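Observations on the three-dimensional arrangement
Here are the chains, one letter per residue:
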Amino acid sequence: MTKFESTMLPAAGDSPASVHSVTGHTPDPRQRTLAGRLEETLGILVEIPTALLVVVEICVLLAGVISRYVFHEPLIWSDELASILFLWLAMLGSVVAFQRGEHMRMTALIGMASPKVRAFLEVIAIALPLAFLLLIMYPGVEFAYEETYITTPALEIQNAWRAAAIPVGTALMIAMGLLRLAQVGNWRLVTGALVLVLAIGALLLALSPVLRPLGNYNLLIFFVGLVAAMVFAGVPIAFSFGLATFGYLATTTHMPMMVVIGRMDEGMSHLILLAVPLFVFLGLLIEMTGMARAMVAFLASLLGHVKGGLSYVLIGAMYLVSGISGSKAADMAAIAPVLFPEMKQRGAKPGDLVALLSATGAQTETIPPSLVLITIGSVTGVSITALFTGGMLPAVVLGAALCIMVWWRYRGEDLSHVRRAGAGEIGRSLVIALPAIALPFVIRAAVVEGVATATEVSTIGIVYSILAGLLVYRQFDWRRLMPMLIETAALSGAILLIIGAATGMAWALTQSGFSSMLATAMTSLPGGTVSFLAVSIVAFIILGSVLEGIPAIVLFGPLLFPIARQIGVHEVHYAMVVVLAMGIGLFAPPFGVGYYAACAISRIHPDEGMKPIVGYMLALIAGLIVVAAVPWISIGFLD
């Protein structure tokens, strides 16, 4: 789960020409200069402390590991301090993502609209998040004030120091949103969008007496109709969830809105989610230090002379790199630039390249440290160690299915011009790649052997990668560190805000009685376990294509995992099935945003991969059916 197709409006500093291409209107130069400079300055003022927060979190967690494992004296305050700083990182990271236009959203449909409609929807994509932020501002302040009565056990400070991150982050995003609107040159466009947003809000409030008696039909109105309308209109997913939840509670219940803030805080504050920014940063590190390139070079020397060999290398490299990063965008960005030029020289069609890259993104979703697996552990209570152990073999099964498709497609490839690497060359490549290949095993061993928790283990990987880059590969660009830290914060903030908003939405669904209705419906399906798994596969393929992976897991994981246990499906087996199904939806066109991320990274037009990807998706579905039918693949290596 990563930043896919996430552009809002141009960031500060873009040329007027670039603004025109997005909005369809030329901005007022004076407004552009003033608002743009203010936004850029505010962005820098937020980016620097947010980047430093990432560094501090790494240091705090690493100090906890060293103190506990080396000196046998645990730091009782380390987790508490990390938790306080983490909420600030989540909220300030959301601000950075907002300013950079990197909150996840679906743009497939608005990309097909006319320039005028697209320009209007781009302004709506700012106005609706701004409305949500204004609505939660006062409840956020109220929530932070209530936390002044709570004292943290280890540091003995008011919990308001942590909770204040929510209103501060909200206020900064409001400022960013207003400055972004000020840069739209056509005030008729802005006025029209604001009037529409206010009209929708007023209409829902006016209809409140009519909506309350409808009971659970309101779930369809708000959580299906309203969410779908906003997502398809290009409104960022986190704000779509937040607005739907706020609207549902405000118009159909008497629930105080501070409860929504509390649920969002609960969703974003799970300490296990601290692994998200750290593994994102680790993924960027392995690309910068040359570790990913070393792994790819070894696999290429081993298989480059085989028909379809570099396609096998792509599948294997994605498997290995996914065992380090956990971020699919980082994985693809590390592999594609290394392999694609040589594959094109051998006659591979660009469409087939991007199709296979996208398919491997889906195939490797269960490989630890998968961010989706970490999220499942956070929201369902399933052991992270068990999920990490169970995720290895299902990815191998889907990888084998892709290899069969590659063999079929490339069985007639002419490799007469390709030189076969000698044993000495393969051996040298292996020696160079060994430090990089060892990293996934180091990470897994540290968790399994109890050296570090799933949250802390990323710090070991970060230190390992820095040392490998400095001492082994002699490739460490210090100038790239700050941009990498800022990118880590932005992507993490976008992910964590979605988790917070989805947690609030899931809580509202639970309070409505929907969870018990869903449990009754799923347990009464004819066919028992088989039908339950089949329905889950179809549902998560659809959810993955529309909502992205993490929101789908946060929304429906707490509802469906208890049902799976109730009917006898092992929770780790069920996790593998739904994560792989979600991955197929996420990376399958025309709606899967992961597919468009693969196209952007490859610099290949999406139309070229539409036809080739069908075969790969069918292979993935066949592999998924095998994983669903044979539970041992997921749970055979559990203790």
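Up top is the structure these notes are about.
Quick caveat, the model's predicted, so the values are computed rather than measured.

1. Brief notes about the overall build of the chain
Per the secondary structure count, the chain includes 30 helices and zero strands. Here the C-alpha radius of gyration of the chain, 24 Å, is about what a compact globule of 639 residues would show, namely 26 Å. Here the analysis covers contacts within the chain between residues at least 6 apart in sequence; of these, 81% occur between residues at least 24 apart. Just so you have it, the chain exposes about 24,600 Å², and 69% of that area is on carbon and sulfur atoms. Side-chain charges in the chain split into 32 positive and 35 negative, and the spacing between the mean points of these groups amounts to 11 Å.

2. Structural notes on helix 20 (residues 423-448)
Here helix 20 contains 26 residues, and its C-alpha end-to-end distance of 35 Å stays within 8% of the 38 Å for a straight helix at 1.5 Å per residue. Among the residues of helix 20, those classed as buried are Ile-426, Ser-429, Ala-433, Pro-435, Ala-436, Ile-437, Leu-439, Pro-440, Ile-443, Ala-446 and Val-447. The inward-facing, buried residues of helix 20 abut helix 12 (275-288), helix 13 (291-303), helix 14 (309-322), helix 18 (384-390) and helix 21 (457-472). Phi turns positive one or two residues past the end of helix 20, at Gly-450, with a value near 85°.

3. Thoughts on the packing of helix 26 (residues 571-586) against helix 29 (residues 612-629)
Between helix 26 and helix 29, whose axes approach to 10 Å, the crossing angle comes to 170°. Taken together, helix 26 and helix 29 sit at an angle that is classed as roughly antiparallel. Where helix 26 abuts helix 29, its residues His-573, Val-577, Leu-580, Ala-581 and Ile-584 lie against Met-617, Leu-620, Ile-621, Leu-624, Val-627 and Ala-628. Class assignment for the residues of the contact of helix 26 with helix 29 results in ten nonpolar, one polar and no charged.

4. A closer look at the nonpolar core
Nonpolar side chains in soluble globular proteins tend to end up buried together. Membership of the largest hydrophobic core comes to 221 residues, with the highest contact counts inside it found for Phe-223, Leu-339, Phe-340, Phe-540 and Tyr-574. Tallying contributions element by element places helix 22 (residues 481-511) first for this core, with 20 residues. Those residues in contact with Leu-339 that lie beyond four places of it in its chain are Val-296, Leu-310, Val-313 and Leu-314.

5. Some remarks on the packing of helix 3 (residues 78-100) against helix 6 (residues 165-182)
Here helix 3 crosses helix 6 at 5°, and the two axes come no closer than 9 Å. Classed by the angle they form, the pair helix 3 and helix 6 counts as roughly parallel. Residues Leu-87, Trp-88, Met-91, Leu-92, Ser-94, Val-95, Phe-98, Gln-99 and Arg-100 of helix 3 form the contact with helix 6, whose own contacting residues are Ala-165, Ile-166, Val-168, Gly-169, Thr-170, Leu-172, Met-173, Met-176, Gly-177 and Arg-180. Each residue belonging to the contact of helix 3 with helix 6 can be placed in one class, and the counts come to twelve nonpolar, five polar and two charged.

6. Looking at the packing of aromatic side chains
In total, this model carries ten aromatic pairs according to the counting rule given. Ring geometry for Phe-98 and Phe-239: centres 5.9 Å apart, planes at 80°, overall edge-to-face. Here Phe-98 is found in helix 3, whereas its partner Phe-239 is found in helix 10 (residues 237-252), with 141 residues between them in sequence. For the pair formed by Phe-98 and Phe-239, the shared burial category is buried. Measuring from ring centre to ring centre gives 5.1 Å for Phe-532 and Tyr-574, while their planes differ by 20°; the resulting arrangement is stacked. Here Phe-532, found in helix 24 (residues 529-547), pairs with Tyr-574, found in helix 26; they are 42 residues apart in sequence, far enough to count as distant. Residue classification places Phe-532 among the buried residues on the basis of a relative accessible area of 0%. Taking NZ or CZ as reference, Arg-409 lies 4.4 Å from the ring centre of Tyr-616, over its face. The cationic tip of Arg-411 hangs over the ring face of Trp-408; the distance from NZ or CZ to the ring centre is 3.7 Å.

Here is what the cut-offs are and how they apply
- Residues numbered from 1 in each chain as written.
- Predicted model: local features only at pLDDT ≥ 70, side-chain atom pairs only at ≥ 80, totals over all residues.
- Heavy atoms only, no water.
- Helix = DSSP H or I, 4+ residues; strand = E, 2+ residues; numbered from the N terminus.
- Rg over C-alpha atoms; globule rule 2.2 N^0.38 Å.
- Contact = heavy atoms within 4.5 Å.
- Areas by Shrake-Rupley, 256 points an atom, 1.4 Å probe, with all protein chains shown as cover.
- Lys, Arg positive; Asp, Glu negative; His and termini not counted.
- Charge placed at Lys NZ, Arg CZ, Asp CG, Glu CD.
- Expected span 1.5 Å × (residues − 1).
- Buried < 20%, exposed > 50% of the residue type's maximum accessible area, 1.4 Å probe, protein only.
- Axes fitted to C-alpha atoms, helices over the stretch in contact; angles between N-to-C directions.
- Parallel < 35°, antiparallel > 145°, perpendicular 65-115°, else oblique.
- Nonpolar A, V, L, I, M, F, W, Y, C, P; charged D, E, K, R; others polar.
- Core = buried A, V, L, I, M, F, W, Y, C linked by side-chain atoms within 4.5 Å.
- Phe/Tyr/Trp six-rings, centres within 6.5 Å; stacked < 30°, edge-to-face > 60°.
- Lys NZ or Arg CZ within 6 Å of the ring centre and 35° of its normal.

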